[in-house]
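Topology and contacts: notes
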Amino acid sequence: MNSLFNQELSHRSSFIGWVAILAALFFTCAIILLSGSSPVAVFHSIIIGAFATPDRFARVFTTLVPLLLCGCGLMFTFTAGLYNLGIEGQIAFGAIAAMVPLQLGQSLPAPFLLLLAIVAGAAGGMLWGLLAGCLNVFGRINEIFAGLGLNFAVDGLALYLVFGPWKRPGVASMSGTEPLPEFLWLPTIGNTDASLISISIAIIALYCTFLILRGSYFGLRLRAVGSNLRASYVLGISSIQQLLSAFAICGGLAGVAGAFQVIGVFHRLIPNISSNLGFLALLVAMLARTKVWVLLPIALFFSVLTVGSLQLPLELSLESSLSGILQGTLVLFILLSRGLNQFFNQRGV
Amino acid sequence: MSYLYIDYFEELGLSRFLWLHKGEDTMNVEFQHISKSFGVLRANDDISFKIKAGSIHGLLGENGAGKSTLVKILSGFLFRDRGTILLDGQPVSIRSPWDGIRFGIGMLHQDPLDFPPMTVLDNFMIGKPGWLTRRHQARQQFNYWIHQFNFKLDADELVTDLTVGERQQLEIVRLLSLGVKTLILDEPTTGISAVQKDLLFAAVRQLAQKGQSIIFVSHKLEDVNSLCDRLTVMRQGKIAGHLTTPCQDSAVIQLIFDRELSLPVKSSTRQEETLLELTNIKVQGDRIGLAISHLAISRGEVIGLAGLEGNGQQLLLQMCAGLVKPTKGTILIHHQDLTSRPYKDYLKAGVGYSPADRLGDGLIPGLSIHEHLALRTPSPHWFIHWKHILETTHHIIELFNIRGKPHTKVEHLSGGNQQRTQIALLPIPLNVLLMEHPTRGLDIESGLWIWQQLMSRCEGGTTILFMSSDLDEIMQYSDRVLVFCGGHVSEPIEVTSLTVERLGRLIGGRFENELTTIA
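None of these values were measured; they are calculated from a predicted model.

Cut-offs used in this document
- Residues numbered from 1 in each chain as written.
- Chains lettered and ligands numbered in written order.
- Predicted model: local features only at pLDDT ≥ 70, side-chain atom pairs only at ≥ 80, totals over all residues.
- Heavy atoms only, no water.
- Phe/Tyr/Trp six-rings, centres within 6.5 Å; stacked < 30°, edge-to-face > 60°.
- Helix = DSSP H or I, 4+ residues; strand = E, 2+ residues; numbered from the N terminus.
- Buried < 20%, exposed > 50% of the residue type's maximum accessible area, 1.4 Å probe, protein only.
- Lys NZ or Arg CZ within 6 Å of the ring centre and 35° of its normal.
- Axes fitted to C-alpha atoms, helices over the stretch in contact; angles between N-to-C directions.
- Parallel < 35°, antiparallel > 145°, perpendicular 65-115°, else oblique.
- Contact = heavy atoms within 4.5 Å.
- Nonpolar A, V, L, I, M, F, W, Y, C, P; charged D, E, K, R; others polar.
- Core = buried A, V, L, I, M, F, W, Y, C linked by side-chain atoms within 4.5 Å.
- Polar contact = N/O pair within 3.5 Å; in protein donor to acceptor, adjacent residues only side chain to side chain.
- Pairing = 2+ DSSP bridges.

1. What to know about the packing of aromatic side chains
Applying the stated criterion across every chain, the model contains 18 aromatic pairs over all chains. With 5.1 Å between their ring centres and 25° between their planes, Tyr 233 of chain A and Tyr 343 of chain B make a pair best called stacked. Of this pair, Tyr 233 of chain A sits in helix α9 (residues 229-234) while Tyr 343 of chain B sits in helix α12 (residues 343-348), each in a different chain. The class for Tyr 233 of chain A is partly exposed, based on a relative accessible area of 37%. Here Trp 145 of chain B and Phe 149 of chain B contribute two aromatic rings whose centre-to-centre distance is 6.3 Å and whose plane-to-plane angle is 25°, an arrangement assigned as stacked. Of this pair, Trp 145 of chain B and Phe 149 of chain B both sit in helix α6 (residues 135-149), four residues apart, roughly one helical turn. As far as burial versus exposure is concerned, Trp 145 of chain B and Phe 149 of chain B are alike and both buried. Counting every residue linked through ring pairs, the aromatic cluster contains Tyr 144, Trp 145, Phe 149 and Phe 151 of chain B. Between Arg 95 of chain B and the ring centre of Phe 79 of chain B, over which it is positioned, the NZ or CZ distance is 4.3 Å.

Quick look at the structure:
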């Protein structure tokens, strides 16, 4: 009898979930219609934009990598009850840190240098994450504000480097530093942008995140601290250590994403090197909630939208930010559906 | 009568006559086939009975019997899965506490739900319909109500400074001023003084005479017997039976537990060795400070901390647990100076602390019993051996008689089962065990069971310090008693030389010898 009742509940929650997705689609269609275009044409164009050529398809995966890495990182901070909005800055600082060995040690062998760049990226991101963590834990600053503040700081630093010490000889411009020599580019599949190395690292990160959060003492302690700080302290869990570790891991993974942005995507440092993928990863992680594996399909879907919509201005002379609207409404409607679900469960209707 | 009319009265400053003009004050409440489940747990299973207007109806049962669930359904905090609630014969759907108040049902919670940083008057005005606040009228209304019941409350005092009993009084007048006709009292006599209890009972009787119905949820047989007209006993989510007062305690106990109970025999387990020693201690809490010149406690001894709530008992326990640092003095535990050491060292020295606020300080909502156990089990490995943990959890659940499954989240356990879980999580062996209200909110049988566990720990050489507002509990289980009053601590008193009367006098502040005098 009881399991029947529970089944009914889960039926209803998945029903509400589907309604939310449909509602988001309708809402986006309405906006497309208002902007004077046809939804069918837009979705067609997005799909063409993402899958028509191997090059575009590969770009879906280059976008997927930072989304997955950051999504994994954010799983740790969410579990610890933290909203790490500083993830953007952690990507950027990781990118800057990855630039350092590339700028200084060009005489070293390329594979070693690339590895060094990834490690430096991880270390840089970790440092920036820890900084936000220290502000939060010791300075009692809300992690949202600490993170946002540090995002601005690292933006300034990137601009200073692009226009100052690392500027292109003669022409300092927003287009970034002098491009890296081609032997320092991350090896890719054929002539596309996608790299097996970055994709495998992202998948490994996903698997490790899954293992750690599901089955390790660290993951359990993180959940404990995220759910009740006081009681975990009384139970003898060092909350400071757990919170700082969450920040460090998240920053580290974001830093690796930043390093890949440098060596795999832009091949130089540019201002806004994160391309707002950190914020997008926040949405991905929010949708995945506690289910680590769900990150993969959601992140894939979001990268398809992001890459596909790049074709919109060319084919339909529409803003490519339309995909942002679709992503945003999707997240809002799904969060809304969860809220509704909880509301109905409490009421026991 | 409509709210418009009421507003009209308030406009004229006639609010104090409101009560008389609000139409019928009486209400019959009837439950029909009420059922409610939490996951696999059936908290209420086909509950049907009537509560007549103008009566005081006692609701009894052991922990997890479903009393709280039932009254929460009536007051709108929970919604039933099945069944009907009839008010004066009309089926109603109460979907939120606000709905409940509109239908005339108000609930006084075990821990009053108020807003401590605000004043008494602000709290009184919260929940009033309408957009504008009329402080003057509200004050008149407030004074009218407290005068009715001889409550001594100051409208401008901060709620932070009130005792639990006074906060209860505030909540009662607030609910009545909102037009509540059925008042639910959930364990109202825990943590309040004898005087406050008399006042509360007088108020409740007065309300019943005026035709209001009262639902009184309690564990305490004497309270129920002296106050209620009729009793309903619940057992495992069902109705076990009804009784009309006065009735024999044994008859009630028989209904509650389906068997007879006996008190455990307390034998002294005190040993020679001194385990805990405090010297020249000064410690400051949020609201109260303590000074103790010298206190030595032996291995296996049980020390009861008596006194009204908030007189420093908790502060002493938290200091001995290493959670609050003294500003002066030394703490020796098991010959180790732990005074300025971190909390971790206290844990290593075998100090265990069991807080009163179980879901706030002791357990982690969102985590299940077996996850708590995994957190507590130290392991050299990185990854958790879930199968092993699950086996241990099954064992612990059986051993500690916890009503729940390994995967049950702690917030879905009843209060008594949360306490059992909390005690199950304490490491074995312990040198010092510090307990806040070991049996608060627990039924008699659970309470006896808990103390059996604690006694066997004492036999194993654990020293127990516990605070309790239940004088009988203090007299029953302590070897020596410390009495707390306004930051003063009495000398430890041998329980053999104490009577409940003398203890009551001491709690009232008439100390014979103090520990407080400090060099």
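2. Structural notes on the packing of helix α16 (residues 415-425) of chain B against helix α17 (residues 444-459) of chain B
Residue and element names in this part refer to chain B. Remark: α16 packs on α17, axes separated minimally by 11 Å, with the N-to-C direction vectors making an angle of 10°. Here α16 is positioned roughly parallel relative to α17, judged by the angle of their axes. From α16, Gln 419, Arg 420 and Ile 423 reach across to α17, where they touch Ser 446, Trp 449, Ile 450 and Arg 457. Its residues placed into classes, the contact of α16 with α17 shows three nonpolar, two polar and two charged.

3. Details of the nonpolar core
Judged by nonpolar contacts, the single largest core of 95 residues is most densely connected at Leu 69, Ile 263, Leu 269, Leu 295 and Phe 302 of chain A. Among the elements that line this core, the one with the most residues is helix α10 (residues 239-266) of chain A, at 13 residues. Beyond its immediate sequence surroundings of up to four residues, Leu 69 of chain A is in contact with Ile 201, Ala 202, Ala 205, Leu 253, Val 256, Ala 257 and Phe 260 of chain A. Within the second largest apolar cluster, 50 residues are counted, among which are Ala 138, Val 159, Phe 216 and Ile 256 of chain B.

4. Some thoughts on the side chain of Ser 478 of chain B
Residue and element names in this part refer to chain B. Looking at the element boundaries, Ser 478 is found in the loop between α18 (471-477) and β19 (480-485). With a relative accessible area of 3%, Ser 478 lands in the buried category. Here Gly 304 takes part through its backbone nitrogen, which lies 3.5 Å from a polar atom of the side chain of Ser 478.

5. Focus on the environment of Val 283 of chain B
Residue and element names in this part refer to chain B. When you line up the elements, Val 283 lands in strand β11 (residues 274-284). The exposure class assigned to Val 283 is buried, which follows from its relative accessible area of 3%. Val 283 sits 33 residues away from Leu 316 along the chain, and the two C-alpha atoms are 8.3 Å apart. Excluding its chain neighbours within four sequence positions, the residues that come into contact with Val 283 are Gly 289, Leu 290, Leu 315, Met 319, Val 324, Lys 325, Pro 326 and Thr 327.

6. Some words on the sheet that holds strand β6 (residues 105-108) of chain B
All names here are of chain B. Strand order in the open sheet formed by six strands is β6-β7-β8-β3-β9-β10, and the pairing between neighbours is mixed. Each edge of the open sheet is held by one strand with a lone partner, namely β6 and β10 (238-244). In this sheet, neighbouring strand axes are inclined to one another by 20° on average, regardless of whether the strands run parallel or antiparallel. Examined bridge by bridge, strand β3 (residues 56-60) and strand β8 (residues 213-217) share four bridges and lie parallel to one another. The residue of β8 that forms the bridge with Ile 56 is Ile 214. Relative to the sheet, helix α7 (residues 164-177) contacts β6 and β7 (182-186), its axis offset from that of β6 by approximately 175°. The strands touched by helix α10 (residues 249-257) within the sheet are β3, β9 (230-235) and β10, with β9 carrying the most contacts at an inclination of about 30°.

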